[in-house]
Protein chains: 2
Amino acid sequence: MASLFLIGGFVSLVGFFNNLAVENIAGVKFVITSNMMLAQRYWMAFLVFSLSNLALTLFAAIITAFISPAAAGSGIPEVKAYLNGVDAPGILSIRTLIVKIVGSIAAVSSSLLVGKAGPMVHTGSCIAALFGQGGSRRYGLTWKWLRFFKNDRDRRDLVTCGSAAGIAAAFRAPVGGVLFALEEMASWWRSSLLWRAFFTTAVVAIVLRALIDVCLSGKCGLFGKGGLIMFDVYSANVSYHLADVPPVLALGVIGGILGSFYNFLLVKVLKVYNLINEKGIFYKIFIACTISIFTSCLLFGLPWLVSCQSCPSDASEDCPTIGRSGNYKKFQCPSGHYNDLASLIFNTNDDAIRNLFSKNTDTEFQLSTMLIFFVTCFILSIFSYGIVAPAGLFVPVIVTGASYGRFIGMLIGSWGNLSHGLYAVLGAASFLGGSMRMTVSLCVIILELTNNLLLLPLIMVVLLVSKTVADAFNGNVYDLIMKVKGFPYLETHAEPYMRQLTVADVVSGPLQLCHGIEKVGNIVHILKTTMHHGFPVIDESPHSESPVLYGLILRAHLIALLKKKAFLCTPVQLGADAFRHFSSDDFAKKGLGNVDKIEDIELTDEEMDMFLDLHPFTNASPYTVVETMSLAKALILFREVGLRHLLVIPKISSRAPVVGILTRHDFMPEHILGLHPSLVRSRWKRLRFQFPLLLKIF
Amino acid sequence: MASLFLIGGFVSLVGFFNNLAVENIAGVKFVITSNMMLAQRYWMAFLVFSLSNLALTLFAAIITAFISPAAAGSGIPEVKAYLNGVDAPGILSIRTLIVKIVGSIAAVSSSLLVGKAGPMVHTGSCIAALFGQGGSRRYGLTWKWLRFFKNDRDRRDLVTCGSAAGIAAAFRAPVGGVLFALEEMASWWRSSLLWRAFFTTAVVAIVLRALIDVCLSGKCGLFGKGGLIMFDVYSANVSYHLADVPPVLALGVIGGILGSFYNFLLVKVLKVYNLINEKGIFYKIFIACTISIFTSCLLFGLPWLVSCQSCPSDASEDCPTIGRSGNYKKFQCPSGHYNDLASLIFNTNDDAIRNLFSKNTDTEFQLSTMLIFFVTCFILSIFSYGIVAPAGLFVPVIVTGASYGRFIGMLIGSWGNLSHGLYAVLGAASFLGGSMRMTVSLCVIILELTNNLLLLPLIMVVLLVSKTVADAFNGNVYDLIMKVKGFPYLETHAEPYMRQLTVADVVSGPLQLCHGIEKVGNIVHILKTTMHHGFPVIDESPHSESPVLYGLILRAHLIALLKKKAFLCTPVQLGADAFRHFSSDDFAKKGLGNVDKIEDIELTDEEMDMFLDLHPFTNASPYTVVETMSLAKALILFREVGLRHLLVIPKISSRAPVVGILTRHDFMPEHILGLHPSLVRSRWKRLRFQFPLLLKIF
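Residues numbered from 1 in each chain as written. Chains lettered and ligands numbered in written order. Predicted model: local features only at pLDDT ≥ 70, side-chain atom pairs only at ≥ 80, totals over all residues. Heavy atoms only, no water.

As annotated in an unreviewed UniProt entry, chain A is Chloride channel protein from Gossypium darwinii. Per its UniProt entry, chain A bears the Sequence similarities (unreviewed entry) comment "Belongs to the chloride channel (TC 2.A.49) family." (UniProt positions renumbered as here; feature names shortened; annotations may be inferred.)

A. Structural view of the overall build of chain A. Assigned secondary structure in chain A consists of 25 helices and 12 strands. Looking at chain A as a whole, 61% of its 698 residues are labelled buried. When contacts within chain A are restricted to residue pairs at least 6 apart in sequence, long-range pairs at least 24 apart make up 78% of them. With the model as given, the accessible surface of chain A reaches about 27,000 Å², and the carbon-plus-sulfur share is 63%. (Helix = DSSP H or I, 4+ residues; strand = E, 2+ residues; numbered from the N terminus. Buried < 20%, exposed > 50% of the residue type's maximum accessible area, 1.4 Å probe, protein only. Contact = heavy atoms within 4.5 Å. Areas by Shrake-Rupley, 256 points an atom, 1.4 Å probe, with all protein chains shown as cover.)

B. Quick peek at the packing of aromatic side chains. A complete count under the given rule lists 46 aromatic pairs over all chains for this structure. Ring centres of Phe-46 of chain A and Phe-300 of chain A lie 5.2 Å apart, and the angle between their planes is 55°; this geometry places the pair in the tilted category. Here Phe-300 of chain A lies in helix H10 (residues 281–301) and Phe-46 of chain A lies in helix H2 (residues 42–66), a separation of 254 residues in the sequence. Like Phe-46 of chain A, the residue Phe-300 of chain A is buried in the burial classification. Look at Phe-49 of chain B and Phe-346 of chain B: their rings are 5.0 Å apart centre to centre, the planes differ by 45°, and that puts the pair in the tilted class. Taken as a pair, Phe-49 of chain B in helix H2 (residues 42–66) and Phe-346 of chain B in the loop between helix H11 (340–345) and helix H12 (349–357) lie far apart in primary sequence, 297 residues in all. Exposure class is identical for Phe-49 of chain B and Phe-346 of chain B. Each is buried. Here the aromatic cluster, defined as three or more aromatic residues joined through ring pairs, consists of Phe-30, Tyr-42, Trp-43, Phe-46, Phe-49, Phe-300, Trp-304, Phe-331 and Phe-346 of chain A. Here the guanidinium or amino end of Lys-467 of chain A rests over the ring plane of Trp-195 of chain B, the centre of that ring lying 5.0 Å away. Note that Lys-29 of chain B overlies the ring of Phe-30 of chain B, its terminal NZ or CZ placed 5.2 Å from the centroid. (Phe/Tyr/Trp six-rings, centres within 6.5 Å; stacked < 30°, edge-to-face > 60°. Lys NZ or Arg CZ within 6 Å of the ring centre and 35° of its normal.)

C. Expanded view of the relation of the copies chain A and chain B. Once turned by 180° and shifted 0.0 Å along the axis, chain A lies on chain B with an RMSD of 0.1 Å. Each copy turns onto its partner about a two-fold axis. Nearest to the rotation axis, the C-alpha of Glu-640 of chain A is located 2.9 Å from it, this being the minimum over chain A. When the interface residues of chain A are mapped onto chain B, 100% of them again fall at the interface, so both copies present the same face. (Least-squares fit on C-alpha atoms with pLDDT ≥ 70 in both.)

D. Representation of the pairing of strand E11 (residues 646–649) of chain A within the structure. Residue and element names in this part refer to chain A. Residues of E11 alternate between two faces, with Leu-646 and Val-648 on one and Leu-647 and Ile-649 on the opposite face, all of them buried. Of the pairings in the sheet, the one linking strand E10 (residues 624–626) to E11 comprises three bridges and is parallel in character. Within the sheet, the bridge partner assigned to Val-625 lies in E11 and is Val-648. Tracing the backbone out of E10, into helix H23 (residues 631–641) and back to the parallel element E11 gives a crossover that is right-handed. Looking at chain direction, E11 and strand E12 (residues 660–662) are connected through three bridges and run antiparallel. Across the sheet, residue Leu-647 finds its bridge partner in E12, namely Ile-661. (Pairing = 2+ DSSP bridges. Right-handed = clockwise from strand over helix to strand, strands pointing away.)

E. Quick peek at the domain arrangement of chain A. Residues and elements named next belong to chain A. Segmentation of chain A into domains returns domain 1 (1–217), domain 2 (242–485) and domain 3 (503–682). With centres defined by C-alpha atoms, the gap from domain 1 to domain 2 works out at 22 Å. Taken together, the contact pairs 58 residues of domain 1 with 55 residues of domain 2. Taken together, both faces of the contact between domain 1 and domain 2 bury some 4,900 Å²; the carbon and sulfur share is 72%. A per-residue breakdown of the area domain 1 buries against domain 2 is headed by Phe-30, Leu-113 and Phe-171, which together make up 15% of the total. On the surface where domain 1 and domain 2 come into contact, there are three salt bridges. Two residues, Asp-350 and Lys-116, come together in a salt bridge whose shortest N-O distance is 2.9 Å. Counting every contact that joins domain 1 to domain 2 gives 16 residue pairs in polar contact (both at pLDDT 80 or more). Among the elements of the structure, helix H1 (2–38), H2, helix H3 (76–84), helix H4 (94–109), helix H5 (117–132), helix H6 (152–171) and helix H7 (174–185) are those that each provide at least two residues to the side of domain 1 that touches domain 2. The residue makeup of the side of domain 1 that touches domain 2, split by class, is 35 nonpolar, 16 polar and seven charged. (Domains from an automatic or database assignment. Buried area = accessible area lost by both parts, 1.4 Å probe. Salt bridge = Lys/Arg side-chain N within 4 Å of Asp/Glu carboxyl O. Polar contact = N/O pair within 3.5 Å; in protein donor to acceptor, adjacent residues only side chain to side chain. Nonpolar A, V, L, I, M, F, W, Y, C, P; charged D, E, K, R; others polar.)

F. Structural view of the pairing of strand E7 (residues 534–539) of chain A. Residues and elements named next belong to chain A. Burial analysis of E7 places five of its six residues in the buried class, which makes it a mostly covered element. In this sheet, E7 lies alongside strand E5 (residues 514–515) in parallel orientation, the contact comprising two bridges. In the strand pairing of E7, Cys-514 is matched with Val-537. Bridge count between E7 and strand E8 (residues 548–554): six bridges; the pairing is antiparallel. The residue of E8 that forms the bridge with Asp-539 is Val-548.

Rendered as structure tokens:
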């Protein structure tokens, strides 16, 4: 509970600080350039704008590339893989945390079309992981009273809570955060976890509220109402009737198609980036700089294309806008006029979303503006994601979705009862649904963002339609990115061809065995020659002529035993006495990245000839399956119980007592289809429309 | 998807019809009695009121007791047990469905303090189960094109969606419904289930909205704004600051204590009722009638105790009220006055909650009124639950919580910034949290009920505090009721003492085995002499001297084989040819309650001497554990994978190939502690304050 409280507190502080910094850095930038524009020094304004953007991007790219490459991108796929059991190196380290926080502030401030929600989820997860392993030993930051979580499951639970806190802090959506962690992140879920996540996000909600109370008094610089994303679109009487259903359904269908197309393009671009990135660190930074300059040119250039609008006489704020806030940007227009595209594009993403969602602004924007803005956002968000800097996907997807939603609302015009702002909300929902494929969590996040529960039925319909449509084409964007990154993510369901295989068809040998009482030299040999993480322990049984399976011992525990050097001169069983030399801490799961290596242990030749009694340190109840078990059933056991090793025993015990060990990699479709190529044809369990095929038609 | 659509549609229709009927029946009753009160015919009014209540209660009790006793009570514990794998008879039959719908309308209309949410959950689950088994064969209502779901898992998923739809229809809370199904009902959860439940509740939300649109034109009799529970407490600027935190925390603590005390008393009363009910059906009905008369007396008598209030001059509605709606009940007061207790107590529960939640009514109620109302609700809701009629717990808990919340709000008075209506909402939240112990789902349900997202942080705090406090005393109310009912509910976590036991310590023999090719007579003998649902199948192996485990065959499949009488004259293996006589439908899981019995199958002596090849019909990949496996680990496997039978195999295979079969009952704490009484002391894994002990102190 103390950990959860601290996680919630820290994540909300980081979230608040993040917002504060972005609003102030981006705010100062926009104030300076806007003032230059007012003075008609256009080239100077462009220079300042693009150079400051370039500097910020360069900073984010350099710290990411040199200090922690794991901090690049959204972080959600990495955390999702971690929660599935994939320990990718450096993902949750303290370096990544710092780079992620600082880099995300720089990247978002630099007017790149990247979000902060994904980085916040990653940040939350890092903070949770650090608390979970009691701080970082490498940097001397350890807390003795926090060292409770020395196993995978408890750490995973904490990281799940951290990711929930991340969303809660990014969007001020505590319930949405819990649901996001449940629907998208967690691979295993228990009801006690639900309640822990809820506690964490409650802390976030309360701390954020207190901090905002502090800022309302105006002490936070340019951090005004614009800070801490929350797009209040409440209008007392949102009324909608049957006539509004067809456009809403259409929005859902379009969102589904656009969302899946977005995913398809994003993955293609990511693969191209990966090819370039492999050439070296400077290529990575070069791409980032190119995208930054390209973005600056677009943002500064496009507003010149649209015609100026004359200020409405009943405008509730200054028109044209002076200074930071306010949304009637003058840009190049004569006085008494404003540039509606500049109001959207020459602004922070949060303000753009707020403008798009706002009600009573049906006359503020032109149709062409909305179309240009949509196309710009769609393209920029695809090209901005893959650069070597912390970059989220949520906000870009919301902006893009809101712009086309509003565009469609303007096309429908007075046929419907809904305001253009509502169409923008529904458009954002449909594009989120089409790209991220969540349902309940997106629904609640959007409700919490817009603070209007009356929209609920419409948002539900839009999300369901867009997800259904998009699922016909491809998978959820995070799963696609995980596949590009090559994480061995274990799916919940078994593929149909797994029913045709038995466990014996995929398990690979030859197997390394330990005996219950083993020579130190043999153990060292086994550890040095294989990279496996678990080894079966067998005993010569007096009751049976063949050896008997005793259990499973982990590589980490063998190394801990070798490190202690509590060896025996003769091969005898020790019993409970064996624990005399050890504390429970010796066998605790180490923090990520601090694994002891067998090469680091120096042993004399004498020691090599001594013995170790492995019995007390062996897991005597490993899960086992018979070699004739269907692979699909073995996968269910492996996945549901959350195993790392699954022992395969023979059907008839006249042979060795173990046939092999199944690990995560043995269940990967690529591995299985590599062993059994004839199954490839039956792999596609459902017909999916393939985009490349569709593209060939045109 | 078609099934989900139909489930959503039907559940929302039932929910709507339910509300419509209750509002009209109870409305007519209140209009008639109010008119008599206006004419000062008090005794006549009491007679009409109490007799109509008695008649309605009697009707509900009689149909429940004689037609479907399974329809009594809330239904949530039963459905929760079903979703955990307990097939109690008659729980999801068509009889239960009809009795539940009709009985719930009668019970709620009869002014008993019972809710409709629990019955709606049960109704939704029944509808889902009927669709899942393709209708009811017994009543000739079958749909061919719906017969897709012939296995437990798919049916369970449908029932989960049905329960979500039930909450969605009862409270117009679609997201809350999904979360309720996830947090409280479901024992196994997959993300595809989340999306199915979301789809179902989206259908409910849309259908309900359309039906309400129809009713807004006034065609639904007395079903006005009062129908379909939704307590709109939106006020544009709910502001709260640090000073409001202590009273909110206090509310949470009190809610936790009261909620757990409520659970404690409810279970005690339920046990007493069970003792009386065992004596016969007429005792059951007698209790119901007694409670009804007692309730009528209280509801009619108590308002005389409080002093009349003079009508406010700026009242927005008629004061005193005339007719059905309106909340300034005149009761016995002189004209120009109203009775504030009658406004709460002499009304439907929905209207009482709406009054308590309403804003700008801080002067409407007296402190004594609120206290009397709270005590009445607390007592009545405890005594009303156990009667033999459909009776939910949600609404009584909300009323009780709201009344003491408002009471505390009045005590605090002007010290805080919150209105009394908000205190009522928070009180309801705290009492719900203290009694039902959900977090996210209650939070969302309350938000959806009150339609005010700004309350979120306060509600989260209250729920967390009350749940934490209450968990120190006892368990969640539904779990306690399940325990009273004796359902073998399988918990997610293993008790600590299970780590000290191995599987061999609890598995019981002697075991009935089948051979791969077995004599019909032996099969009949095995089926007749045991009640087991699964039997291991063994083969004499040519490669090994001892027999080999082939797999597990289900009782239902053996009976299906015997029914077909496709016997062999000689003991030979058939292979795939064996399926010639069978269609997949023969082995489909039958609907609940239509299990074929071995006694119904007539076999001649000749047939008894023939053979059956069981190989093609045996599950050749059953999950197995070694007898030395720790019981805790076996439980995790059993629970996570969702098994009904777990085969135990010997460590050393010189003996028989199977040691025994573990079923759900072998994992029940009662069973294990019965076998190993020495473990009883270690049973209490955490210190809980015991109420009886506390009561002894006073």
